[in-house]
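Coordinate analysis (summary)
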Amino acid sequence: MGQSVACEKKERNLLEKDNRFNNRLGGILLQTIWGQFLQIVKEEAGSRVVETWLKAVRMHHWDPQEQIIYLQAPNQFVKQWICSHYMELFHVHLSRLFNVDRIKVVFDKVSEQTISAQPSTANALMITGAVAPTFAQNKPGSSEKGLVRARRRPSGRINTAYLFDTFVVGPSNSLAYAAAKAITQNPGRLYNPLFIYGGTGLGKTHLLHAIGNEIRRHHGSTMVLYQTADRFVNEFIHAIRFDKIHKFQSKYKSIDVLLIDDIQFLANKGQTQEAFFHIFNLLHDSHKQIVFTSDSMPKAIKGMAERLRSRLEWGLVADILMPTLETKMAILKKKAELNNETISDEVACFIASRAISNIRELEGALIRVCAFAHLMDQPLSLELAQKVLLNESTHKKVALTCEFIAKVVCKYYPYTLNELRSSRRSKDISCARQAAMYLMKQLTDKSLNDIGHFFNRKDHSTVLHAVGKIHQLRQTDTDFNIKIKQMEQEIMR
Ligand code: ADP
Ligand code: MG
């Protein structure tokens, strides 16, 4: 009797502990652990794996007694893919992070079961050690036709897939592209250093490798080195620790073209900055070409010694901005073509017009759509793309009608529904109409033709133009962007 009371008490304590973890601290702790896990996977398997497959997964519950971690994937397809490709990463790293021998991973029932063609799965899929192929399976030539490359490139290696030919030029990146191309004609003489900056996933590393490839092609004997700034820091620390500073310096002194990626990682590393400063001077004085990339312009990098910062600005500073809808579509088509796929304008427009913040995410969406098409042996249609991507949206897409959206838009402009649907063409009414078209494309699965039809337009190109225009305006006009967000919220409420 006494024993059973003790047992119950113990169980209650464990349960309370479990509840405490999952209720009070749990949210924050789980979020932190998930963040750490993603960081590890990024380092081990590359950011593409994280962007493409893991970002949309939610870790929502931890059961310490059973040592089970509960996850939720946006759809069956993503769940299946993770289970068959990345499970070992989960076991190895989450076991360590939760401090248990071998964690069990359970995917909860997917909330919206839009992909009915999936192999049947139980409501909750328990994965044990037996189902554990590693991410190394994910190699070119697999069902993804080489779109996913999981492993990271070793330090200093130039990626031969990143060429000028595979880089799509648009208004957002034309200066950086032109400057990068120009220096390959005459390295060290034109823009030195060249400094390219822009947000993450917008093509800086691609351009850096393209420079390296092009120079190697034209000037075979030239010594080109690609290095990320964080690896440079590690190399420097290693050299100091093992008394190899002389070797370190002579390596960099012998280089003809130095390509440094993500120079912002040198911030607050005083001693490394000092070492780099001398290398920079030496190379620059001998007309050796130096190219930097960074997430912000030199002025905005905090923790950088003034004399180094000023050198970063010596040559040409070129930015890369978020691409326009047309450029995004062209990139999607190019990426598809490189992988022997073809995608229609309609599919490209659908993927490109989703709220995607960089090209890496765009590629991720394309990869998922292509992978699904191959897996299911189906054509790459708009319907298929919608099936794969729609319920991954942060918004819950509901059965919204064009009319409902148009009515909400009318509240924000001094027009009636009939006026909005008319052919009147003053600047303000056109903008309202375009905003409505944009929101319809974003928030419903209506085709360009359906939306055109609602506005009595025969041609889908009017809608395509509207989507592009509003997409662009959102980037440049903060007030307008806020207005669109308010409309979105009201529609989705
Ligand atoms: P960043 O270094 O700015 O974070 P990356 O160079 O790694 O971005 O680009 C992320 C992905 O997007 C890469 O696969 C790259 O090939 C692709 N990408 C970015 N911009 C373009 C472009 N203009 N044309 C073709 N691919 C692009
Ligand atoms: Mg980069």
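Now for a quick tour of the structure. No experiment lies behind these values; they were computed from the predicted model shown.

Each helix and strand counted, the protein chain has 21 helices and nine strands in total. For the protein chain, the residues scored as buried account for 50% of the 493 residues in total. Across the protein chain, contacts joining residues at least 24 apart in sequence account for 72% of those joining residues at least 6 apart. Total accessible area on the protein chain is roughly 23,800 Å²; 51% of this is exposed by carbon and sulfur atoms.

Further remarks concern the environment of Gln36. Examined against the element boundaries, Gln36 turns out to sit in helix α2 (residues 26-45). For Gln36, a relative accessible area of 38% gives the class partly exposed. Taking the C-alpha atoms as reference points, Gln36 and His93, separated by 57 residues in sequence, lie 9.4 Å from one another.

Spatially, five strands are ordered β6-β7-β8-β5-β9 in an open sheet, and the strand pairing comes out parallel. Either end of the sheet is taken by a strand with one partner, and the two such strands are β6 (224-228) and β9 (316-320). Direction aside, the axes of adjacent strands within the sheet are offset by 15° on average. Looking at chain direction, strand β5 (residues 194-198) and β9 are connected through five bridges and run parallel. Paired with Phe195 across the two strands is Val317, which belongs to β9. Its contacts with the sheet put helix α7 (residues 204-218) on β5, β6, β7 (257-261), β8 (289-294) and β9, and the angle it makes with β7 is roughly 165°. Against the sheet, helix α8 (residues 229-241) contacts β6 and β7, and its axis sits at roughly 90° relative to β6.

The next thing to look at is the site of ligand 1. If you check the shell around ligand 1, you find 19 residues, and the closest are Gly201, Thr205, His206, Lys335 and Glu363. Interatomic distance of 2.8 Å between a backbone N/O atom of Val168 and a nitrogen atom of ligand 1. Thr205 places a side-chain nitrogen or oxygen 2.7 Å from an oxygen atom of ligand 1. Considered on its own, ligand 1 offers 550 Å² of accessible surface; in the complex 96% of this is hidden by protein. For the shell around ligand 1, the secondary-structure elements that each account for two or more residues are α7, α12 (325-338) and α14 (359-376). Of the residues that constitute the shell around ligand 1, the class distribution is six nonpolar, eight polar and five charged.

What follows concerns helix α6 (residues 174-185). With twelve residues, α6 ought to run about 16 Å at 1.5 Å a step, and its terminal C-alpha atoms sit 17 Å apart, in line with that. For α6, the complete set of buried residues consists of Ala176, Tyr177, Ala179, Ala180, Ile183 and Thr184. The secondary structure elements touched by the buried residues of α6 are β5, α7, β8 and β9.

Each value, and the rule that gives it
- Residues numbered from 1 in each chain as written.
- Chains lettered and ligands numbered in written order.
- Predicted model: local features only at pLDDT ≥ 70, side-chain atom pairs only at ≥ 80, totals over all residues.
- Heavy atoms only, no water.
- Helix = DSSP H or I, 4+ residues; strand = E, 2+ residues; numbered from the N terminus.
- Buried < 20%, exposed > 50% of the residue type's maximum accessible area, 1.4 Å probe, protein only.
- Contact = heavy atoms within 4.5 Å.
- Areas by Shrake-Rupley, 256 points an atom, 1.4 Å probe, with all protein chains shown as cover.
- Pairing = 2+ DSSP bridges.
- Axes fitted to C-alpha atoms, helices over the stretch in contact; angles between N-to-C directions.
- Near = heavy atom within 4 Å.
- Polar contact = N/O pair within 3.5 Å; in protein donor to acceptor, adjacent residues only side chain to side chain.
- Nonpolar A, V, L, I, M, F, W, Y, C, P; charged D, E, K, R; others polar.
- Expected span 1.5 Å × (residues − 1).

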